[in-house]
Structure formats: C-alpha cells, structure tokens
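What follows is the residue order along each chain.
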Amino acid sequence: MKKQYRKKKSSSGSLLSLIFDMVGVCFVLLFRFVLWLIRVIPMVIHFIWSIWGYGKTEYAKVTHRPLLQLIFDKGAYGEYLIYRHLDKKLEGDKKWLFNAYLPRSEKRTTEIDVMLFHSSGIYVFESKNYKGWIFGTETRRIWTQCIKPSEHTRTRKYHFLNPIMQNKLHLSAFSALLSD
C-alpha cells in the first residue's frame, strides 16, 4: 500500500488567498453600501424638501396639519395628493377648503373631503387613498378592497362606502345650502 501524503500549503499562499478574500468581502460590502446610498439619498432629499416646502403650501396653511401627521394619516395624505396635483395643473385664482362639514338634515351632517373654488367652477372631491383591488359599481352601496400581502397569507378584505354615492350626497347638501 502506498501512503499518500498531502502537500502542505505554504503560509504565503494562504495569506495571499486570505487577503484576496478580505478584499472581495470589502468590495461586496462597499457595493451594497453604495446601492443603499443610491436608494436612501433621494428619500432623504425628498424628506428635507417636504419639511421645507410643505409648510408653505396652501394645504398646510388651511388645515394646520403638521407634516408628520400628514405622513401617518392615510386619508389626509390622499387629500394632500389631490391638492398637490390640481394646484400644479390649474392656472388662475383658486381657493381650497378641506374637511368641510355641511348640514344635511336635522342633526345630521356630511363631510366634504376637498372643495376647490376656481374661476371655472366649484369642484367637490371625495378622497379614498386605498391600494389593492377595489370592487364596486356605481349602484352598490358598499365597495370592497382586497389586499393580498404576500404569497403565503390570505387575502384581506375591507368594506367601505361607495365614494360616488357619498359625493352625490355631498353635492345635494351643498346645493341645498346654496339655495338657502
């Protein structure tokens, strides 16, 4: 029987491979850090701009909502998105009204999310800031929101009032108020 002997690796060869491994790990970590920076820097810039620019908007002046409340309140953020989009697009004089309560009938009120008074007319918006699949028709009183968070969980369903019907109610209350 022959005896097989392993060759011992020289210490300089293992040191060199260790250095290459360390350089490779450092390169991977540096690459991941750069990718992280590429994702984070625009968010930081946007956040700083939002803090600086948000306080000067008419939305902030009318609602007196702090930016942090706007960020964490989904409904308020939906209203702000309507304001931000239309304020950029529409020229001319405009006045905004947010969360206006109007009398509907005896001891009942209705809340209009966003109203825009513009030289071209008065606009009334019902804001829904929802994601996922939305199921509903113009005539159904209740609509359904379906969210499937991941592959291994069940679809969550939430029900909410038909925004078209809600807006019709707002318009009738507003026109009754104007006729008075």
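Whatever comes next refers back to the structure up there.
1. Side note on the side chain of Gln 145
Next up, step 1: Within the secondary structure, Gln 145 is located in strand S5 (residues 142-147).
Next up, step 2: For Gln 145, a relative accessible area of 5% gives the class buried.
Next up, step 3: Looking at Gln 145, its side chain comes within polar contact range of the main-chain oxygen of Lys 131, at 2.7 Å.

2. Structural notes on the pattern of salt bridges
Next up, step 1: Summed over the entire model, instances satisfying the criterion amount to four salt bridges.
Next up, step 2: Across the pair Lys 128 and Glu 126 runs a salt bridge whose closest N-O atoms are separated by 3.5 Å.
Next up, step 3: Across the pair Glu 138 and Lys 168 runs a salt bridge, and its minimum N-O distance is 3.3 Å. With Glu 138 in the loop between strand S4 (133-135) and S5 and Lys 168 in helix H5 (residues 163-179), this residue pair connects regions lying 30 residues apart in the sequence.
Next up, step 4: Note on Lys 168: relative accessible area 47%, which makes it partly exposed.

3. Things to note about the packing of aromatic side chains
Next up, step 1: A complete count under the given rule lists 13 aromatic pairs for this structure.
Next up, step 2: Ring geometry for Tyr 54 versus Tyr 59: centroids 6.4 Å apart, planes at 55 degrees, classification tilted. Of the two residues, Tyr 54 and Tyr 59, neither departs from the other in class, the shared state being buried.
Next up, step 3: On the numbers, 6.2 Å between centres and 75 degrees between planes, the contact of Tyr 83 with Phe 98 is edge-to-face. Placement of Tyr 83 in helix H4 (residues 74-89) and of Phe 98 in strand S1 (residues 94-105) is noted, with a sequence separation of 15 residues between them. The burial state of Tyr 83 is the same as that of Phe 98; both residues are buried.

Each value, and the rule that gives it
Residues numbered from 1 in each chain as written. Predicted model: local features only at pLDDT ≥ 70, side-chain atom pairs only at ≥ 80, totals over all residues. Heavy atoms only, no water. Helix = DSSP H or I, 4+ residues; strand = E, 2+ residues; numbered from the N terminus. Buried < 20%, exposed > 50% of the residue type's maximum accessible area, 1.4 Å probe, protein only. Polar contact = N/O pair within 3.5 Å; in protein donor to acceptor, adjacent residues only side chain to side chain. Salt bridge = Lys/Arg side-chain N within 4 Å of Asp/Glu carboxyl O. Phe/Tyr/Trp six-rings, centres within 6.5 Å; stacked < 30°, edge-to-face > 60°.

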